[in-house]
Amino acid sequence: MASAAISTPFFVFIIFLSVSWHACKALEPFSCDQKDETTTNLALCNVKLPIKDRVSDLIGRLTLAEKVGLLVNNAAAVPKVGMKGYEWWSEALHGVSNVGPGTKFGGAFPAATSFPQVITTAASFNATLWEAIGRVVSDEGRAMYNGGMAGLTYWSPNVNIFRDPRWGRGQETPGEDPLVVGKYAASYVRGLQGNDGDRLKVAACCKHFTAYDLDNWNGVDRFHFNAKVSKQDMEDTFDIPFKMCVKEGKVASVMCSYNQVNGVPTCADPNLLRKTIRTQWGHNGYIVSDCDSVGVYYNTQHYTSTPEEAAADAIKAGLDLDCGPFLGAHTEDAVKRGLINEVDINGALVNTLTVQMRLGMFDGEPSGQPYGNLGPSHVCTQAHHQLALEAARQGIVLLKNDGPSLPLSPRRHPTVAVIGPNSNVTLTMIGNYAGVACRYTTPLQGIGSYARTIHKQGCADVGCISDKLFEEAISAAKQADATVLVVGLDQSVEAEFRDRAGLLLPGRQQDLISKVAMASKGPAILVLMSGGPIDVSFAKNDPKIQAILWAGYPGQAGGAAIADVLFGTTNPGGKLPMTWYPQEYLTNLPMTEMSMRSNPSTNYPGRTYRFYKDKPVYPFGYGITYTTFTHKIATAPTLISVPLDGHRRGNATLSRKAIRVTHTRCNNLRLGIEVDIKNVGSKDGSHTLLVYSAPPEGNKWAPHRQLVGFEKVQVAAGKEERVGVNIHVCKHMSVVDRSGIRRIPMGQHSLHIGDVKHSISLQATVLGVIKS
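Note that the structure is predicted; figures quoted are calculated from it, not measured. Per chain, residue numbering runs from 1 following the sequence as it is written. In view of the model being predicted, local features appear only for residues whose pLDDT reaches at least 70, and side-chain atom pairs are presented and counted only at 80 or more, with totals across whole chains, interfaces and linings using the full set of residues. Derived side-chain values reflect all non-hydrogen atoms in the structure, with water molecules and hydrogen atoms excluded from consideration.

J.: Account for the sheet that holds strand E11 (residues 397–401), with residues named and values stated.
T.: Think of it this way: DSSP has to see at least two bridges between two strands before they count as a pair. Helical segments are the DSSP runs of H or I of at least four residues, strand segments are the runs of E of at least two, and each set is numbered from the N terminus. A sheet is described by the order of its strands in space; here six strands give the open sequence E11-E16-E15-E14-E12-E13, paired in mixed fashion. Each end of this open sheet is capped by a strand with a single partner; those strands are E11 and strand E13 (452–456). Shown here is a sheet whose adjacent strand axes are inclined to one another by a mean of 20 degrees, direction ignored. Relative to E13, strand E12 (residues 415–419) runs parallel, the two being bridged by five bridges. Residue pairing for E13: Ile-419 is matched across the bridge by Lys-456. Here helix H20 (residues 558–566) sits on the sheet in contact with strand E14 (482–488), strand E15 (524–529) and strand E16 (545–550), set at roughly 145 degrees to E15. Only the stretch in contact is used when fitting a helix axis, every axis being a line fitted to C-alpha atoms; angles between N-to-C directions are given from 0 to 180 degrees. We call two residues contacting when some pair of their heavy atoms lies within 4.5 Å.

Dropping the structure here:
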């Protein structure tokens, strides 16, 4: 294996810490602990009662001041009912993180498994993998909670659409496609929260609701930005992942964002919080603000005249918890001024305390509960490391392979020059919102397990402002049998509150790559680390650069995964979860313009593969392998009857041959297809089946095409696998008109699967009569 073996002393250390932790753990009473005689007989501690009754009993015992103390992330203790203070703010974007005060590393928990950054994991298009990562992260989070080092409420995942390629936080997202992002959200959340009925393993949170995808660009920051979003784009793009997270993932929490949407701060908008999340989508958890969002809309956006009005607006809008001190400081005065009633505060506490009850936080000592056995020996395990390695392998995307030049061979390429500012990095590989990784395998170490290496950075860092290290890098390339350049970005270029200025490689990286490739004795391979897309047209078109890999930010085992792909131990199967645009794409594209659709009259190019018409550097869904797959549709209908509600058969319903989704009987309206995928090459490989749909011609509302289904399948060389895809017609074959109304176009829809196309006619049926 290319991965570095875990050392015996590390395992001994973990075992020692585990024994010490069980022997010496503090015995401070938990809420409703049997050792606390003052609380064990209270109804709120009676696990046989329904949770709603326990919550009602608890709230009834609190004073107004005590209730207000529970509205903030660092919730105050209430000793009279056995409640300890609780820190709500923990993060677990791609592993338990030390961002936020709720989680600490040290003692028996020096580290946690750091999986690839989300954008990389999304490139696997493997929902089973996404859920498996969530399960591991929640195991480690529960273990750390049991040891007093973490909370149980994790404000992850980030399910905003990667709308603009410059966004510094795009790396945290599953990419640009609403279906992929929503599927990731539901899968990861299920992995985190578990499947034990109403009980939660940990509580996840989908953020940042909504239309949040600008941090700091051209003098506009997220604290001042008013996102002007059409009803069409809200329904068609921005809301989809959050809706899937709530309805399919059953997420315990949703976080509102800093920005305003159409002039109203999201955390003060009852249409977004109460009407959409709570009522329309049926959210039964809590809603939390992004950190200090309430303070931001009072102090920075000047949305209200007084702090008491700001606090009242938030709670009345449906906010249950403030990450920050604002509600704690001003809510009691808001009640005294008559701006809000105590019953409104009770409603917020019902939502937060219910989640805590579902987590078992009022069931006494954790060791006696489900998951109470988890401890240090369940963190940084070999199995977890192996999953991190597999996730990195599945997320790597092969963009170019002339020759083919890859895979490399230890026999033909016994000496490899490893060059570039990201060639021997550790922290860069884990991206942002990461914790303390269990260990690292750098690209240099990974390649070194296959071949002798000559290492020269070429640039001091990704900024690459000087060429003084170029000559020694060029010299190394002249000596070696192959050259691997590991370049790209890091958090100094793209990060929270740091949007990119452009899409090119920073500084003189392009110059380094071209000169080293020109001098290379053997094949020159380019490996890119980044969260966002990069315009590498120069490398795509340079015959001296034989292959290009994108590794994203591949996590703690990233270097091993990169080497496994380079040397063919792994056949790459990743696909790009976002479009890679040319630099000139940005010419008429302010980040502040939220429209998804193109506008030819202003040369506005449109956003994402669904609406951008020009030629990208690499398209969404692109990725090649070391083998060849063919597609053949085995079974698929040619006609789907769309049943209309009997009361909705008038001309208005059928106007323009597009039926309102709300006028159809949608629940069981599905389109099932089966595809035979054959591996006609000589290597086993994993294949991502992407199914796109294009609506009937002439529909001005619709995307050019949109992803309606995807599946991951392993196919051995020379073998064939049949894969089924079940497409929900109302969700995925519909389009959204300019008024934000979702409609199903009647007529010929075209399914695209690789090079194969299949036409399906959708026809309305009213009382058994087919309407055209």
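J.: Requested: an account of the packing of helix H11 (residues 307–317) against helix H12 (residues 326–336), with residues and values cited.
T.: In the contact formed by H11 and H12, the axes pass within 8 Å of each other and the chain directions differ by 95 degrees. Looking at the two axes, H11 sits roughly perpendicular to H12. Contacts from Pro-307, Glu-308, Ala-310, Ala-311, Ala-312, Ala-314 and Ile-315 in H11 reach Phe-326, Leu-327, His-330, Thr-331, Asp-333 and Ala-334 in H12. Considering only residue class, the contact of H11 with H12 consists of nine nonpolar, two polar and two charged. Angle categories: roughly parallel below 35 degrees, roughly antiparallel above 145, roughly perpendicular from 65 to 115, and oblique for all the rest. For this scheme, ten residues count as nonpolar: Ala, Val, Leu, Ile, Met, Phe, Trp, Tyr, Cys and Pro. Four count as charged, namely Asp, Glu, Lys and Arg, and the remainder, Gly too, count as polar.

J.: Kindly report on the layout of surface pockets, identifying the contributing residues and their values.
T.: Estimated volume of the largest pocket: approximately 1,200 Å³. In this structure, the largest pocket is lined by 39 residues; those nearest its centre are Glu-235, Asp-239, Lys-243, Trp-281 and Gly-740. Elements with a contribution of two residues or more to the lining of the largest pocket: helix H6 (178–193), helix H7 (231–238), helix H8 (240–247), helix H9 (271–280), strand E22 (706–715) and helix H22 (729–732). At five residues, H9 tops the list of elements feeding residues into the lining of the largest pocket. Considering only residue class, the lining of the largest pocket consists of 14 nonpolar, eleven polar and 14 charged. Cavities and pockets were defined on a 1 Å grid built over protein atoms only: a cavity is a set of grid points that admits a 1.4 Å probe from which the probe cannot escape, a pocket is an open set flanked by protein on both sides within 12 Å along at least five of seven lines, and lining residues are those with an atom within 4 Å of any such point. Grid points are joined across faces, edges and corners, and a volume is the space filled by probe spheres set on the points.

J.: Break down the packing of aromatic side chains for me, citing the residues and quoting the values.
T.: The aromatic pairing rule takes the rings of Phe, Tyr and Trp, using the six-membered ring of Trp, and pairs them if the centres are within 6.5 Å, calling planes under 30 degrees apart stacked, those over 60 edge-to-face and the rest tilted. According to the stated counting rule, one finds 24 aromatic pairs in the structure shown. Geometrically, the ring pair formed by Phe-125 and Phe-620 is edge-to-face, given 6.1 Å between the ring centres and 75 degrees between the ring planes. Placement of Phe-125 in the loop between helix H4 (118–122) and helix H5 (127–146) and of Phe-620 in the loop between helix H21 (608–611) and strand E17 (629–635) is noted, with a sequence separation of 495 residues between them. Take Phe-125 and Phe-620: they sit in the same class, and that class is buried. When the ring of Trp-550 is compared with that of Trp-580, the centres are 6.2 Å apart and the planes differ by 85 degrees; the resulting orientation is edge-to-face. In this pair, Trp-550 is assigned in strand E16 and Trp-580 in the loop between H20 and H21, connecting sequence segments 30 residues apart. Both residues of the pair, Trp-550 and Trp-580, count as buried. We note Lys-540 situated over the ring of Tyr-618; from NZ or CZ to the ring centre the distance is 4.8 Å. Remark: exposure states derive from per-residue accessible area (1.4 Å probe, protein chains only) relative to the maximum for the residue type, with buried under 20%, exposed over 50%, and partly exposed in between. Cation placement over rings: the criterion is NZ of Lys or CZ of Arg within 6 Å of the ring centroid and within 35° of the ring normal.

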